[in-house]
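Analysis of the macromolecular model
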Amino acid sequence: MSDYKFEGWMGLDASAAEGKMTWREFEPKIWEETDIDIKVTHSSICGSDLHAMKSSWGPARYPIVVGHEIVGIAVRVGSKAGDHVKVGDIVGVGAQADSCLNRNNKACQECSDGAENYCTDKVYTYGGSPHRNGGPNYGGHALYHRCPAHFVIKIPADLALENAAPMLCAGITVFSPLKEFGAGPGTKVAVIGVGGLGHFAVLFAKALGVDKVVGLSRQESKRKECLALGCDDYIATDETPEWSAKYARQFDLIISTVASAKIPFADYLNLLKLDGTLVQVGIPEEPMPFHPMTLGSFRRRIAGSAIGSPGEIREMLQLAAERKIQPWVELRPMKDANQAMIDMDAGKARFRYVLVN
């Protein structure tokens, strides 16, 4: 038995997103010897936390504790948790808490291929998502977190903890498609929406050695920030006449982080070269229409991507440590989580709030 309590910021209904979370004790998932308990030191706020609390992607299973960019100290390691983490190690957990892992003689191609994030039985870390043993999952805006060891990642020693935390969801959400769709020397990449996700796309595109990375947003006022992050150019779409024609057929890969169904999708697709790919990682609440002709004319592709596997996360964190990648984060005390959520929803973060115990 542990001598510590699981306590955290609990959302009882959709009003929690309005700064009305309550601090409460909760029962974590039922302990299994394949689990690891983590004393949370840092828990970054993701836009998905707000979507979960608002039930905007579907009904939440209240009460919930959000937070899925978790860093802390391993304080309990199960006897069947493997040898990749020991008590005292600094570890992290992202948005995924479990997958089938071919249990019960299930032949899962995704888990066999190291693509656990696409397993049809994946379990999310937060938002009350039910674990396979029947108990709910509670996230990291708390004092402690419990997670199956397979999805607990050891943090490289050279990586600051406040920088590692937001990489576990925001970072991997863009790193994975950058790698999968060939970002590297000889390629040009555009990033639509340079915010919490998008600024990571810029940082990792540069770290992967792309020839050119260009930021796109609506207002000219974002130019200075984008260039400071490392963008080679910036396009303010609301203030650049005929921008889609001016920059047509220039990019091999576009990462779109914008979560709105009202974006000018056809204009963005026009920026792609022959065989270019637009990866939509922002998740709007409504469908996104487009005309097939914008694809067929230049053999373009629209692709999706969801977080990343444990193997990809380890690769990303190692690259971040080696290249000394510095995301833009602001530390907020865990006790001020409600105000931080309000500020995040108001778009005040530049670009990620990290709650600190």
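Quantities reported herein were computed from a predicted structural model and do not represent experimental measurements.

Turning our attention to the UniProt feature "domain: Enoyl reductase (ER)" (unreviewed entry) in the protein chain. When the UniProt feature table is mapped to this numbering, "domain: Enoyl reductase (ER)" (unreviewed entry) covers residues 19-355. Across residues 19-355 one finds 25% helix and 24% strand; the C-alpha atoms that close the span lie 15 Å apart.

Overall, the coordinates contain ten aromatic pairs when judged by the stated rule. Where Tyr4 meets Tyr144, the ring centres are 4.3 Å apart and the plane angle is 15 degrees; that geometry is what we call stacked. With Tyr4 in the segment before strand E1 (7-10) and Tyr144 in strand E8 (residues 144-148), this pair connects stretches of sequence that are 140 residues apart. Among the residues examined, Tyr144 registers a relative accessible area of 13% and is labelled buried. By the ring-pair criterion, three or more aromatic residues cluster together here, those being Tyr4, Phe6, Phe26, Tyr138 and Tyr144. When the ring centre of Trp31 is taken as origin, the NZ or CZ atom of Arg76, which lies over that ring, is 3.6 Å away. For Arg332, the ring lying beneath its charged end belongs to Tyr353, and the centroid distance is 4.7 Å.

As a further point, take the sheet that holds strand E13 (residues 251-256). With parallel pairing, the six strands of this open sheet are ordered in space as E12-E11-E10-E13-E14-E15. Looking at the sheet topology across the chains shown, the edges are occupied by strand E12 (233-236) and strand E15 (301-304). When strand polarity is set aside, the average angle formed by the axes of neighbouring strands in this sheet is 20 degrees. As defined by bridge partners, strand E14 (residues 272-280) adjoins E15 across four bridges and the pair is classed as parallel. Along E15, the bridge assignment pairs Leu278 with Ile302. Packed onto the sheet, helix H3 (residues 161-180) meets strand E10 (188-192), E13 and E14 and runs at close to 160 degrees relative to E13.

In terms of nonpolar packing, the biggest core is built from 51 residues, with Leu159, Met167, Leu178, Phe204, Ile255, Met316 and Leu317 touching the most fellow members. Residue assignment for this core shows that the elements contributing at least two residues are H3, E10, helix H4 (198-207), helix H5 (223-229), E12, E13 and helix H9 (310-323). Counting residues per element, this core draws most heavily on H3, which supplies ten residues. Residues contacting Ile255, with those up to four places away along its chain left out, are Val174, Pro177, Leu178, Ala190, Val191, Ile192, Ala201, Val279 and Val281. Of all hydrophobic cores here, the second largest spans 20 residues; its members include Ala17, Ile45, Leu50 and Tyr126.

What counts and what doesn't
Residues numbered from 1 in each chain as written. Predicted model: local features only at pLDDT ≥ 70, side-chain atom pairs only at ≥ 80, totals over all residues. Heavy atoms only, no water. UniProt positions renumbered as here; feature names shortened; annotations may be inferred. Helix = DSSP H or I, 4+ residues; strand = E, 2+ residues; numbered from the N terminus. Phe/Tyr/Trp six-rings, centres within 6.5 Å; stacked < 30°, edge-to-face > 60°. Buried < 20%, exposed > 50% of the residue type's maximum accessible area, 1.4 Å probe, protein only. Lys NZ or Arg CZ within 6 Å of the ring centre and 35° of its normal. Pairing = 2+ DSSP bridges. Axes fitted to C-alpha atoms, helices over the stretch in contact; angles between N-to-C directions. Contact = heavy atoms within 4.5 Å. Core = buried A, V, L, I, M, F, W, Y, C linked by side-chain atoms within 4.5 Å.

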